[in-house]
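What follows is the residue order along each chain.
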Amino acid sequence: MRKEAGRWMRQVAFSGVLCALAPAAFAQSAPELPEGVVSHTVERPYDDVRFDMENAIINRGLVIDHVSHIGEMLARTGADVGSDKVVFANADAMMFCSARLSRAAMEASAGNIAFCPYVVFAFETPDTPGRVTVGFRKLEETGSDASRKALADVNALLSEIVAEAAGE
């Protein structure tokens with residue numbers, strides 16, 4: 001009985017070590033992103049995450065103005081700029097606006113036009129296949145109270161879209 005209890009205690013201790021190390025291992029393999037970028041990294045097929053990101057935009061009644069195929073562009077132009085490094089396995093950015101939120105932001109300050117269109121992105125690197133990062137660049141909530149509120153509302157929308165695309 002005592003031998004069984006000792007083995008059980010070792011298993012619990014080992015499990016605790018694994019649980020403590022798992023977040024650190026995940027954080028080390030998460031992509032390095034610039035300050036001010038909000039992102040989620042998930043282990044799902046890229047096409048599924050991209051599809052969910054597109055639907056998260058469209059299902060809110062928003063229109064995607066442009067899809068920038070960043071991964072394809074870098075692959076296509078690498079030789080032209082003297083590089084053979086493969087940066088992305090897949091990478092796209094979707095640009096869109098919200099008439100309601102954009103109007104509120106620009107009525108508060110015409111200079112808020114600088115934040116439009118809004119952009120969300122998804123990418124997968126060749127060294128971490130199946131691990132997809134989806135995110136957006138958080139808008140600086142600046143200016144008058146009305147401007148700060150309008151930009152906070154845009155950030156909330158972008159956050160919801162990215163979280164939905166990540167399956168959260």
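Refer to the structure above for everything that follows.
What counts, and at which threshold
Residues numbered from 1 in each chain as written. Predicted model: local features only at pLDDT ≥ 70, side-chain atom pairs only at ≥ 80, totals over all residues. Heavy atoms only, no water. Helix = DSSP H or I, 4+ residues; strand = E, 2+ residues; numbered from the N terminus. Buried < 20%, exposed > 50% of the residue type's maximum accessible area, 1.4 Å probe, protein only. Contact = heavy atoms within 4.5 Å. Areas by Shrake-Rupley, 256 points an atom, 1.4 Å probe, with all protein chains shown as cover. Phe/Tyr/Trp six-rings, centres within 6.5 Å; stacked < 30°, edge-to-face > 60°. Polar contact = N/O pair within 3.5 Å; in protein donor to acceptor, adjacent residues only side chain to side chain. Pairing = 2+ DSSP bridges.

On a plain count of helices and strands, the protein comes out with five helices and five strands. Counting every position in the protein, which comprises 168 residues, the buried fraction comes to 30%. Look at the contacts in the protein between residues 6 or more apart in sequence, and 68% of them connect residues 24 or more apart. Accessible area of the protein: about 10,500 Å², with a carbon and sulfur share of 57%.

With that settled, the discussion passes to the packing of aromatic side chains. Going through the model one piece at a time under the given rule, you end up with three aromatic pairs. Arranged with centres 6.2 Å apart and planes meeting at 70°, the rings of F96 and Y118 form a pair that is edge-to-face. On the criterion of sequence distance, the pair formed by F96 in strand 3 (residues 90-97) and Y118 in strand 4 (residues 118-124) is long-range, its members being 22 residues apart. Residue classification places F96 among the buried positions, given a relative accessible area of 0%.

Relative to the elements of secondary structure, R60 occurs in the loop between helix 2 (46-58) and strand 2 (63-68). Counting along the chain gives 38 residues from R60 to S98, while the straight-line C-alpha distance between them is 9.3 Å. Every residue in contact with R60, bar those within four places of it in the chain, is listed here: L157, E160, I161 and E164. Of note is the side chain of R60, whose polar atom sits 2.7 Å from the backbone oxygen of A56. Looking at R60, its side chain comes within polar contact range of the side chain of E164, at 3.0 Å.

The element strand 4 is extensively covered by neighbouring structure, given that six of its seven residues are classed as buried. Inspection of the sheet shows strand 3 paired to strand 4 by seven bridges, in the antiparallel sense. Note that in strand 4 the partner of F96 across the bridge is Y118. Between the antiparallel neighbours strand 4 and strand 5 (residues 131-137) lie six residues, among them G130 with a positive phi of about 85°.

Our focus in this paragraph is the side chain of S147. Locating S147 in the fold gives a position in helix 5 (residues 145-165). Overall, the relative accessible area of 1% leaves S147 in the buried class. Among the polar contacts made by the side chain of S147, one reaches the main-chain carbonyl oxygen of T142 at a distance of 2.8 Å. With near-sequence residues (within four places) excluded, S147 lies in contact with A108, S109, N112 and T142.

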